[in-house]
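Notes for the structure review
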Amino acid sequence: MNTALLTLDALNAAGEDDFVALLDGLYEHSPWIARRAFALRPPRGFASTAALKHAMATVVREAALDEQLGLIRAHPELAGKAMVANTLTAESTNEQSRAGLTHCSAEEFERLQQLNADYNARFGWPFILAVRGPRGEGLSRQQIIDTFARRLNAHPDIERAECLRNIHRIAEIRLNDKCGTVPALGNQVWDWAESLARFSDPGFAENGQLTVLYLTEAHRAVAAQLADWMRDGGFDEVGIDAVGNVVGVYHGEDRNAPRLLTGSHYDTVRNGGKYDGRLGILVPMACVRELKRQGRRLRHGLEVVGFSEEEGQRYKATFLGSSALVGRFDPAWLEQADADGVVLRDLMREAGLPGTMAAIQALARDPARYLGFVEVHIEQGPVLNELDLPLGIVTSINGSIRYVGEVRGLASHAGTTPMDRRRDAAAAVAELILYVEERAAAVPEVVGTVGQLQVPSGSINVIPGRCRFSLDLRATTDAARDALDADVRQRLAEICARRGVTFTLERTEAAAAAPSDAAWQVRWEAAVQALGLPVHRMPSGAGHDAMKLHQAMPQAMLFQRGLNLGISHNPLEAISNDDTELCVQAFMALLDRL
């Protein structure tokens, strides 16, 4: 039997028919994908397997709807009739076997059969899931069943796209098998993130949820683990600073040369995901580990910071960790108390930190000693997922303005008050919500959200006399943000005047936009292009530590695609080892060009 591994050189040298034959089995019974991908092959061939995978994904994305549905229907049901009849392709047999689907209990098999029937009745095609999972080693039967049940409720258009993305993941793993490719660096980052997730705060850990708030026992355990991994990975200096940041330094050949600063945060939201923030610590850690393994030093040193706090979950001190590095730590934060009455200064001292402004002020970095700040982060959105792209270049971090407000009208009887005599507070806010949606949608890269809505003491038969709400307004430039802000406030005043109600509006946050430094953005773009991938530029709608470092030095960010529609701040947050491998390689390419 021929067990020779497939090579990129062989694919690039092959004629059309041989090219299609070499890729046989990647996509179930669908050779048209490889044939059309051959037509996209550059004159000098595909620069990488990543470029080949992107070409095949592009073929499917641009295919007609009936072709996409045909591709989905070419795949077998999970634990379905084809498996029972032993008529699966060799690839599908291997995948379903590795996921344990050939050894289901009677109850599991019955549940899967019912899910298959319900799914097919709803969508008209088989449920598709890359059962070897984001690590490539196989999902558990319970994970498969849980995902099956969750996706059964999706909108058909969304579910069709998710099936196609899972088909691409299946093809990616099969191509790895054909080529003998192991994404070792991606696996290392994935394994580190999985290991960190074993630390979670009480009340959440018992329910299998990940929550790590500032300076809890779990938070300190994460910091200690990161520090241990940094030491084991070859960092020359490792420590935990006065606000709990984990700092590792890998010296360059010239210790007097400015360093590159990088990192992200390791705290989480309540019931959050494993990769938000942490990816931006673990990826450069993997790079240092690899440099140490190769016995290499860069000319410039690399400083990796695991920021202790970014999410603002325990105290009203968002970006606490990165604020200290740019000299913007507010002394008033030390006097804040959390929901349990624990004062921040006391908490720091209990955790073995000084809890003094003098110690915190000493953490401020001298920008002259740094080349700049770069950050890797999971996208936290659906854009890269929808474009079938593993990496994206951030052009700017959105500036934002947030408010909490209240409209006051008159609570009166729902049955006896004529429609033209009502002063309905909730109706006024509803009108505002629709305006925010319309106004934000009219301008590219501007967003507006009313995320909180409450009618205090509301009753089914009472016209709302009060309505509380929040406003979150964001844009890639301060000018666009401020224009949105002015228009929304003006429209709120007009609505309330016309309806005979009053309002209050309290600004709770204002953050300036942080455009990426042009030179560093170009460096990220070159690193992505070196992998054979197209460059996709995009704004960051979420805030990041980079926007704080932006106040002191040049900054630029790289996004990595998230799975599960790009969901973040949620247990469904996920990444694949192959995408992460590319992310580490891009970071290494950036370092090599310093």
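What this report covers is the structure whose coordinates are included nearby. Just so you know, the residues in each chain are numbered from 1, in the order the chain's sequence is written. Local features in this predicted model are restricted to residues of pLDDT 70 or higher, and side-chain atom pairs are both shown and tallied only at a pLDDT of 80 or more, whereas totals for entire chains, interfaces and linings draw on every residue. Just so you know, side-chain values use all the structure's heavy atoms and leave hydrogens and water out.

1. A look at the packing of helix α11 (residues 184-196) against helix α22 (residues 577-592)
- Axis angles are defined between N-to-C directions and span 0 to 180 degrees, where every axis is a line fitted to C-alpha atoms and, for a helix, only to the segment in contact. What counts as a helix is a DSSP run of H or I of at least four residues, what counts as a strand is a run of E of at least two, and both are numbered from the N terminus. Across the interface, α11 lies against α22 with an axial gap of 7 Å and an inter-helix angle of 105 degrees. Classified by the interaxial angle, the pair formed by α11 and α22 is roughly perpendicular. Taken together, the residues of α22 that come into contact with α11 (itself represented by A184, L185, G186, N187 and V189) are N577, T580, E581 and V584. These descriptions rest on fixed angle ranges, namely under 35 degrees for roughly parallel, over 145 for roughly antiparallel, 65 to 115 for roughly perpendicular, and the rest for oblique. Contacts are assigned to residue pairs that have any heavy atoms within 4.5 Å of one another.

2. Things to note about unusual backbone geometry
- In this structure, D388 takes a positive phi of about 60 degrees despite not being glycine.
- Here D388 lies in the loop between α17 (383-387) and β6 (391-397).
- Even without glycine at this site, L565 takes up a positive phi of about 65 degrees.
- Inspection of the secondary structure puts L565 in the loop between β16 (555-560) and α22.
- Each residue's exposure class comes from its accessible area (1.4 Å probe, protein chains only) as a fraction of the maximum for that residue type: buried when under 20%, exposed when over 50%, partly exposed otherwise. Judged by relative accessible area, L565 falls into the partly exposed class, the value being 33%.

3. Re the pattern of salt bridges
- Should a side-chain nitrogen of Lys or Arg be within 4 Å of a carboxyl oxygen of Asp or Glu, the pair is scored as a salt bridge. Inspection of every chain in the model, using the stated rule, returns 42 salt bridges.
- With a closest N to O distance of 3.1 Å, D228 and R231 form a salt bridge. On the criterion of helical spacing, the pair formed by D228 and R231 is a turn pair, its members being three residues apart in helix α12 (residues 217-233).
- Of the residues examined, D228 reaches a relative accessible area of 37% and is grouped as partly exposed.
- A salt bridge links R466 to E406, with the nearest nitrogen and oxygen atoms 2.6 Å apart. Of this pair, R466 sits in strand β12 (residues 466-475) while E406 sits in strand β7 (residues 399-408), and the two are 60 residues apart along the sequence.
- You can call R466 partly exposed: its relative accessible area is 27%.

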